[in-house]
Amino acid sequence: MARPRQHRKPAPAPARTGKLPIWPWALAIASLVLIVVAVIVGTQPSQSASERQPESGQESSAEEMTFDVARRAEGDVTAMGDVDAPVVIVEYSDYRCPYCAVVSRDTMPQIIENYVETGKVRFEWRDFPIFGEESELAAIAGRAAGEQGKFWEFNEAVYAEAPARSHIDLPRERLIEFAKQVGVPDIDQFTADLENDELRAAVQKDAEEAQSIGVSSTPIFIVGNTPLVGAQPYEAFEQAIESELAAAEGK
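These lines cover the structure that appears in this document, whether it is placed above or below. The model shown is predicted, which means the values in this text are computed figures rather than measured ones.

1. What to know about the pairing of strand β6 (residues 220-223)
Two faces make up the sheet, and in a regular strand the side chains alternate between them. Side chains of β6 alternate between two faces, with Ile 220 and Ile 222 and Phe 221 and Val 223 buried alike. Alignment of β6 against strand β7 (residues 226-229), held across four bridges, turns out to be antiparallel. Residue pairing for β7: Ile 222 is matched across the bridge by Pro 227. Hairpin connection of β6 to β7: two residues between the antiparallel strands, including Gly 224 at a positive phi of 65°.

2. Brief notes about unusual backbone geometry
Residue Pro 219 is reached from Thr 218 by a cis peptide bond, and omega for that bond is -5°. By the secondary structure assignment, Pro 219 is in the loop between β5 (217-218) and β6. One non-glycine residue, Arg 72, lies in positive phi territory at about 50°. If you trace the backbone, Arg 72 turns up in the loop between α1 (24-42) and β2 (79-80). Taking the relative accessible area as the measure of exposure, Arg 72 reaches 30% and is therefore partly exposed.

Criteria and cut-off values
- Residues numbered from 1 in each chain as written.
- Predicted model: local features only at pLDDT ≥ 70, side-chain atom pairs only at ≥ 80, totals over all residues.
- Heavy atoms only, no water.
- Buried < 20%, exposed > 50% of the residue type's maximum accessible area, 1.4 Å probe, protein only.
- Helix = DSSP H or I, 4+ residues; strand = E, 2+ residues; numbered from the N terminus.
- Pairing = 2+ DSSP bridges.

Here you go:
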């Protein structure tokens, strides 16, 4: 779970997202709308028409529905924090997304210090490579580093080098250099794992999950049952986390 960082308090910044190159803010808004629709529709069990008719005097309420994509899998190298933490944050992200890097550098240290290390939050990563072949290869590389216990170190190192607004170049050779930089023990194995079909399938599984709930940009976060779109400032995460913690305590 260890993820060495230098904790620092950033100035609040407007939400930003990395997206497919079509009307940026329209896509961010569309992502949020689709996720909210998934909250209401996607979590309902499949029923026949007759089963969907409520019994006399019974009413269904959207407020009673929950939206939870958390896996809480023991030994998941792409997650940090207690498996049984009251709140899980799921991030859908791309290594070449500059705004994902903003969250990694400026916001994650505070979330880790204040919530993950105190046992209140578990943080789970999802690969959503939308910026081409280098994004997909980087996602596989992150998992290859994770196979040797260096997922979060690799993740942080890549984002530390990301430019402010453009997409970082991540050819195969540079990914190997990042692996060496963070101390992946067996570089030959890491290099071989860049062609690992199981790791590629894991990346694809994450991407399919993202698409199934309407995600079309990065970064997107699901804080418990609360979606957050873009590189939100720490205060936005704090508000969502505290609300979800209160809801968890009330159950």
